[in-house]
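Take a look at the letters that make up each chain.
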Amino acid sequence: MSWLSDWWNGVELWITQLAFPFQFAIVIAVLLPVCVGLAWLIDRVVDFVASKVSPSRNAEPDCD
């Protein structure tokens, strides 16, 4: 795990030495796809759970 720590420290040092506009561009380029993917995954999970929990639209109504 030392190699991972050393690699991450190098990346972190490289990013912090960049000018702010470049830092911002890198953060957006990385975080935007991650956030979109996470939002898509959450949407799919909520849709799946809601379809399992909610009553079916094709179910027969109660005649009581």
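Right, let's walk through the structure included here. Counting of residues starts from 1 at the beginning of each chain's written sequence and follows it residue by residue. Reporting of local features is limited, given that this is a predicted model, to residues whose pLDDT is at least 70; pairs of side-chain atoms are given and counted only at 80 or more, and all residues count toward the totals for whole chains, interfaces and linings. For side-chain calculations, the full set of non-hydrogen atoms in the structure is used, while hydrogens and water are omitted.

1. Some details on the overall build of the protein chain
Step number 1: Every helix listed is a DSSP run of H or I at least four residues long, and every strand listed is a run of E at least two residues long, numbered separately from the N terminus. Helix and strand counts for the protein chain stand at 2 helices and 0 strands.
Step number 2: Within the span of the protein chain, comprising 64 residues, buried residues form 0% of the whole.
Step number 3: Note on areas: these come from Shrake-Rupley sampling with a 1.4 Å probe, and a residue is covered only by the protein chains present in the view. Just so you have it, the protein chain exposes about 6100 Å², and 71% of that area is on carbon and sulfur atoms. Working definition: with a 1.4 Å probe on protein chains only, accessible area under 20% of the residue-type maximum means buried, over 50% means exposed, and in between means partly exposed.

2. Overview of the pattern of salt bridges
Step number 1: Salt bridges, as used here, are contacts in which a Lys or Arg side-chain nitrogen is within 4 Å of a carboxyl oxygen on Asp or Glu. Taken as a whole and assessed by the stated rule, the structure comprises 1 salt bridge.
Step number 2: A salt bridge links arginine 44 to aspartate 47; the shortest N-O distance between them is 3.9 Å. With a gap of 3 residues between them, arginine 44 and aspartate 47 both fall in helix H2 (residues 20-53), about one helical turn apart.
Step number 3: A relative accessible area of 42% places arginine 44 in the partly exposed class.

3. A short note on the packing of aromatic side chains
Step number 1: Stacked, tilted and edge-to-face are the three classes applied to pairs of Phe, Tyr and Trp rings, where Trp contributes its six-membered ring and a pair requires centres within 6.5 Å; stacked means planes under 30 degrees apart, edge-to-face means over 60, and tilted covers the rest. Overall, the coordinates contain 2 aromatic pairs when judged by the stated rule.
Step number 2: A ring pair is formed by phenylalanine 20 and phenylalanine 24, whose centres lie 6.2 Å apart and whose planes are at 35°; its orientation type is tilted. In this pair, phenylalanine 20 and phenylalanine 24 both sit in helix H2, 4 residues apart, roughly one turn of the helix.
Step number 3: With relative accessibility at 49%, the residue phenylalanine 24 sits in the partly exposed group.

4. Focus: a nonpolar patch on the surface
Step number 1: A cluster of nonpolar residues, Leu38, Trp40, Leu41, Ile42, Val45, Val46, Phe48, Val49 and Val53, forms a patch on the protein surface that exposes about 900 Å² of accessible area.
Step number 2: As for its position among the elements, valine 53 is in helix H2.
Step number 3: In this structure valine 53 comes out as exposed when scored by relative accessible area, which is 66%. Think of a patch as exposed residues, more than 30% relative accessible area, with no salt bridge, where like charges cluster within 9 Å and nonpolar side chains (Val, Leu, Ile, Met, Phe, Trp, Tyr) cluster within 5 Å.

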